[in-house]
Every structure is written in structure tokens, then in C-alpha cells.
Amino acid sequence: MQDIRKLLSQIASAEAQLQSTQFLAPCVKGGKVRTRVAGMIYTFTPKPQKFEGWGIFQAVNAQTAMLIEEADLPQIAAYLQNLPTIRLRLAYRLQHQTWLAYPVNEADMRQRFKTIKPVPVHLVTEGIAFEQIIARWNGNSCWFEEIDRRDDPAIAETLQSNLKQLIPVEELQFKGITPEMRSLYDLATQRTEGFAHPQRDEKRLRQALKLGGGELHQFQDRGDYWTVDWTTSDGVRHTSAIAKDDLTVVSSGICLSGRDHDFDLQSLVGVMEDREW
Amino acid sequence: MSIFFHEQLYRSDAVMAKLKEFPVAICGAGALGGNLAENLARAGFGKLKVIERDRIEERNLSTQPYYRSDVGAFKAKILANNLYRAIATKVEVETKELTVANVVQLLKGSQLIVDVFDNSTSRRAVKDYAEQTKTPCLHAGLAADYAEVIWNDVYRVPSDVNDDVCDYSLARNLVMLTVAVTSEAIASFVAIGKQHHYTITLKDLSVQSLNL
């Protein structure tokens with residue numbers, strides 16, 4: 001057994017070093033930044049708080065880290081290259097630089113990540129609806145890397161054209177279409193004016209939960225958000241506050257380290273299911 | 001087999017080593033500067049710095065190495081990102097306007113300066129800095145169907161009459177010819193220290209060595 005005083009001394013030394021060390025971190029708008037020192041995770045509020053992107057930060061105290069400068073691509077690439085890649089197609093923007101995206105290959109996603117679901121992708125600096133991207137998964141969040149240049153750009157254009165013409169997903173037909181593209185298109189139709197349904201709100205919530213593997217029980221209107229009662233596939237019940245405009249999480253019902261807004265209702269199901277109680 | 005395999009066979013290992021380590025500042029990332037930076041990087045230059053304050057506009061796309069999705073972004077940053085993605089070459093960038101006030105800060109450390117700016121004020125600042133510091137400096141400039149590649153000791157800054165003109169004719173092929181000639185002039189200088197001047201005319205597809 002190690003000397004507890006020695007361990008504490010090491011941690012204190014590491015913490016002192018923390019404030020003199022710059023670290024690279026992704027930062028979602030309104031979110032926080034993290035780094036690891038001596039095996040411990042430290043979470044900071046970035047200053048300026050409105051910053052969104054990859055930054056070089058330095059802690060100024062236990063709660064705040066100052067943005068020193070925006071990171072460049074080689075730095076970002078060095079960070080991302082250790083994370084597994086996943087090919088996704090962008091569905092629609094959730095907020096700021098966060099988009100909802102769907103896997104290009106469901107079988108691949110199932111095999112590697114044990115689940116199939118739409119995922120929020122953060123810091124999407126370029127890209128349009130239905131475009132294929134390469135993202136990196138860090139076990140908790142998905143980070144945009146680049147537009148996938150191997151993709152046929154006509155696919156995104158065709159899907160956009162169909163959406164603009166309000167073609168129902170059942171009638172979607174073009175050379176090269178895949179089941180994943182249908183699922184992606186269906187996701188996008190839920191956000192498109194002209195695809196209205198009776199009791200739209202309930203259906204919208206129900207479908208979002210269903211896509212994520214959850215089930216809606218009931219919801220209440222709270223002005224600019226809903227309070228949603230729902231269960232995961234294993235029957236665990238949750239209550240979350242969900243923003244009306246884009247189904248992002250206002251309050252998940254559990255602590256997400258102040259990053260509720262990083263998630264939407266669909267992805268929240270996966271977070272809840274993966275959580276170890 | 002390396003990224004620069006064919007260039008290496010052409011130039012030799014010794015020359016490639018020089019290209020890799022020779023610090024070059026490219027002043028401008030438009031039609032000439034953007035393509036020139038790409039040319040040099042893909043030819044093996046490993047220490048490039050690009051100075052350009054402008055953002056990409058749609059009309060730039062016909063003569064500059066940028067994409068539709070890049071419109072609105074800083075030319076220098078997109079250029080650096082593209083080269084890193086393509087061949088893993090890290091290009092230093094400055095998205096500031098080069099002026100008399102900051103020219104020293106921006107150009108210090110460069111062993112060769114390439115001036116392809118689109119305005120006379122910045123060209124004047126570059127020329128004067130190069131003279132004062134005795135730094136080799138190559139200027140490349142375009143007219144409608146004519147281009148010059150001139151070293152600093154005999155270069156004359158053009159008048160400012162065209163500085164704010166946006167509507168001008170420019171053939172992509174003249175750009176690419178000029179970029180090729182400028183690139184080769186630079187490579188020759190780095191390899192054997194020679195400074196050659198050239199004129200280029202598009203209509204008769206001619207490149208002439210200029211003895212001044």
C-alpha cells in the first residue's frame with residue numbers, strides 16, 4: 001500500500017504544475033473543458049465562455065481555464081488520431097456546431113460500438129445536410145474530423161433535392177441508396193416544415209426516443225421546453241427536460257458534468273443505458 | 001517510397017534536403033501565392049510561411065486552390081489545412097495585413113521572401129525590408145496576359161493605380177505558368193544560389209529569361 005501522504009503530495013505537485021501547463025481540449029459552446037493530471041480528471045469553465053472549437057487552454061484557478069489560442073489542424077489531428085474513426089452522414093444541425101448524424105454503415109457501428117443510433121457530432125466546422133463525414137469517438141462524445149472526400153457528393157445533393165420537394169421517405173429512390181440513407185432522410189424529415197403530422201409533438205418525441213431505443217410515457221409543456229418521462233429499453237425510468245426547437249437536453253435528470261446541452265433526446269437514451277449505477 | 005519520390009529522383013537527395021529545411025515566406029495566398037505554396041510544398045519545401053489577410057470569395061475559386069465550402073474562410077488557414085491533410089506538411093500562417101509596422105515581425109527568420117501581394121503598399125514594405133536586411137526576395141506579378149518574375153535588386157514596385165481594382169481579367173493558364181516559373185526560380189536559387197529573372201506571355205505561350 002502506497003503512502004497516502006506521498007500520493008497526496010504527488011497530486012498537489014501535479015495540480016501546481018497544472019496551472020503552469022497548457023493543454024489542448026475541445027470546447028462546445030456553453031460547455032466545459034477537461035484535462036487529466038495524475039490520473040485525475042479536471043473540469044474547467046473556459047474563458048471566454050462563448051468560445052467554441054479546439055483551443056489551447058491554461059488553468060487560472062480550480063474552476064477556470066483561459067483560452068490561450070485556437071488550436072491548429074496539426075494539433076487537433078494529433079489529439080484525434082488516437083480515437084477510433086466512424087463514418088457518419090450529417091442529418092441536421094442541433095445547435096451551434098453540433099449536428100445530429102447517422103452511421104453510414106449500421107453493421108460497422110453495431111460491431112464496433114455495440115449500438116446503432118443517431119449521434120450528436122460536435123465542432124462540425126464545415127458540412128451540409130446529408131454530407132458524409134469522418135468523426136472520432138472518445139467513448140463519450142463524437143468529434144468532427146473532416147468531410148469524407150471518398151463520398152460521392154451527388155448523394156447529398158440528391159437527398160437535399162428530395163427533401164426540398166417533400167418526397168416521403170417511402171418514395172425515396174435513387175441509384176446507390178442504402179437503408180442507412182433512408183433512416184437518415186427520415187430523421188431529417190422530422191425537422192422539415194411540410195412533413196407535419198397529427199399530434200406532432202408527441203410523435204416527434206416518441207420517435208426520437210424510439211430511434212434511441214427508449215419509450216415515451218408522457219410529457220408536459222414547460223414553455224420553451226418539455227418535461228419528458230421515458231424509459232430505457234431495460235425499463236429504467238427517467239425524467240428529462242428537452243428543448244422544443246431541436247430536442248437537445250436542457251436537464252437530463254442526472255449529472256452530465258454540466259454538458260446536458262451536448263446531448264439530445266435520442267442520444268440521451270444511450271447515455272443512460274451506458275451509465276454504470 | 002516517399003511522398004516526394006519523383007521529385008527526389010529529379011533533383012537528388014542533396015537538393016531535397018535543402019528544400020526541406022529552407023525557410024521561405026510567401027507574401028500572399030491568392031492566385032499566385034495559394035498555388036505557389038501548394039507547388040512548393042508538394043515539391044518538398046518543408047518550412048513555408050504564408051502571410052495573407054484576405055478571406056476566400058466565390059470568384060477566387062477558378063484560379064485559387066480552394067473549395068466552395070471554403071468561401072468565407074481565411075485563405076492562409078485553409079491553405080495550411082489542405083496541405084497538412086494532403087501531405088502532412090505544416091505551414092505557418094499569418095492572417096494579418098503586412099505593413100511597415102509589422103513587416104519585421106512577420107518576415108524575420110525567412111531566408112527567402114516571395115512577394116505575390118496584390119497591392120503596392122505591401123509590396124513596397126516587402127521590397128524595402130528585403131533590401132535593408134539583405135534577404136533574397138523574389139517578386140511575381142500578373143497583368144492581363146503578361147507576368148514577371150523578378151528578383152529584388154532590379155524590382156520596381158508598380159503604381160498604386162490598380163490596388164483597389166476588383167474587376168480584372170485573369171486567365172488561369174497564365175497563373176499556372178507563372179507559378180511554375182516562379183517555383184522553378186525558387187528551387188534553382190535554393191539548390192545552386194542562382195537568381196534568374198523571367199517574363200511570361202500567354203498569347204504566344206512564351207517564357208523568356210530576362211537579363212537585366
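Remember, it's a predicted structure, so these values are computed and weren't measured experimentally.

> Which parts of the structure should I look at to understand the overall build of chain A?
Regarding its fold elements, chain A presents 7 helices and 14 strands. Burial status across chain A gives 47% buried among its 277 residues. Taking all contacts inside chain A whose residues are at least 6 apart in sequence as the whole, residues at least 24 apart take part in 44%. Summed over its atoms, the accessible surface of chain A is roughly 14,500 Å², and 48% of this surface lies on carbon and sulfur atoms.

> Even after reading the chapter, I still don't get the interface of chain A and chain B, so can you show me in this structure?
Many analyses report the size of an interface as the accessible area lost when the parts associate. With 9 residues of chain A at the interface, the matching set in chain B holds 9 residues. At the boundary of chain A with chain B, total buried surface from both sides reaches about 710 Å², with 48% on carbon and sulfur atoms. If you sort the residues of chain A by the area they bury against chain B, L73, P74 and R149 of chain A come out on top, with a joint share of 61%. The salt bridge involving R85 of chain B is made with E146 of chain A; its shortest N-O contact spans 3.3 Å. Put simply, chain A and chain B have 2 residue pairs in polar contact (both at pLDDT 80 or more) between them. Only α2 (73-80) and β10 (142-147) of chain A provide two or more residues apiece to the side of chain A that touches chain B. Counting residues per element, the side of chain A that touches chain B draws most heavily on α2 of chain A, at 3 residues.

> Is there a simple way to think about the sheet that holds strand β4 (residues 53-59) of chain A in this case?
Residue and element names in this part refer to chain A. Pairing is mixed across the open sheet formed by 5 strands, whose spatial order is β1-β4-β5-β3-β2. In this open sheet, the two edge strands, each paired with only one partner strand, are β1 (22-27) and β2 (33-37). Put simply, the sheet's adjacent strands are angled 50 degrees from each other on average, direction ignored. Pairing analysis gives 6 bridges linking β1 to β4, with the strands arranged antiparallel. Pairing of A25 across the sheet is with G55, part of β4. Where helix α1 (residues 4-18) meets the sheet, its contacts fall on β2, β3 (40-47) and β4, and the angle it forms with β3 comes to roughly 25 degrees.

> Is there a simple way to explain the side chain of E52 of chain A in this structure?
With respect to the helices and strands, the residue E52 of chain A is situated in the loop between β3 and β4. Within the structure, the side chain of E52 of chain A is placed 3.1 Å from the backbone nitrogen of Q97 of chain A, a separation counted as a polar contact.

> What's the story with the packing of aromatic side chains in this structure? I'm lost.
The geometry of an aromatic ring pair comes down to the distance between the two centres and the angle between the two planes. Inspection of every chain in the model, using the stated rule, returns 9 aromatic pairs over all chains. Residues W54 of chain A and Y79 of chain A carry aromatic rings whose centres are separated by 5.0 Å and whose planes lie at 70 degrees to one another, so their mutual orientation is edge-to-face. Taken together, the positions of W54 of chain A in strand β4 and Y79 of chain A in helix α2 put the pair 25 residues apart, joining distant regions of the chain. Exposure remark for W54 of chain A: the relative accessible area of 6% places this residue in the buried category. Arranged with centres 5.0 Å apart and planes meeting at 45 degrees, the rings of W151 of chain B and F189 of chain B form a pair that is tilted. With W151 of chain B in strand β6 (residues 146-151) and F189 of chain B in helix α7 (residues 172-192), the pair connects residues that are 38 residues apart, well separated along the chain.

> Any chance you could explain the pattern of salt bridges here in plain terms?
A side chain with one charge may pair with a side chain of the opposite charge, provided their charged atoms come close. Enumeration according to the criterion identifies 18 salt bridges over all chains in this entry. In this structure, D151 of chain A and R89 of chain A form a salt bridge, with 2.8 Å as the shortest nitrogen-oxygen distance. One end of the pair, D151 of chain A, is in the loop between β10 and α4 (153-164); the other, R89 of chain A, is in strand β6 (residues 85-95), and 62 residues separate them in sequence. Overall, the relative accessible area of 5% leaves R89 of chain A in the buried class. The shortest N-O distance in the salt bridge between R59 of chain B and E57 of chain B comes to 3.1 Å. Given the relative accessible area of 37%, E57 of chain B is considered partly exposed. Each member of the salt-bridge network shares a partner with another, and the members are E7, R11 and E184 of chain B.

> Help me out: how do you make sense of helix α4 (residues 75-87) of chain B in this one?
Residues and elements named next belong to chain B. Between its first and last C-alpha atoms α4 spans 18 Å; for 13 residues at 1.5 Å apiece the expected length is 18 Å, and the two agree. All of the buried residues along α4 are K75, A76, I78, L79, A80, N82, L83 and I87. Buried residues along α4 sit in contact with α3 (31-43), β2 (47-51) and β3 (92-94). Immediately beyond the C-terminal end of α4, within one or two residues, lies A88, with a positive phi of roughly 65 degrees.

Reading the values: the criteria
- Residues numbered from 1 in each chain as written.
- Chains lettered and ligands numbered in written order.
- Predicted model: local features only at pLDDT ≥ 70, side-chain atom pairs only at ≥ 80, totals over all residues.
- Heavy atoms only, no water.
- Helix = DSSP H or I, 4+ residues; strand = E, 2+ residues; numbered from the N terminus.
- Buried < 20%, exposed > 50% of the residue type's maximum accessible area, 1.4 Å probe, protein only.
- Contact = heavy atoms within 4.5 Å.
- Areas by Shrake-Rupley, 256 points an atom, 1.4 Å probe, with all protein chains shown as cover.
- Buried area = accessible area lost by both parts, 1.4 Å probe.
- Salt bridge = Lys/Arg side-chain N within 4 Å of Asp/Glu carboxyl O.
- Polar contact = N/O pair within 3.5 Å; in protein donor to acceptor, adjacent residues only side chain to side chain.
- Pairing = 2+ DSSP bridges.
- Axes fitted to C-alpha atoms, helices over the stretch in contact; angles between N-to-C directions.
- Phe/Tyr/Trp six-rings, centres within 6.5 Å; stacked < 30°, edge-to-face > 60°.
- Expected span 1.5 Å × (residues − 1).

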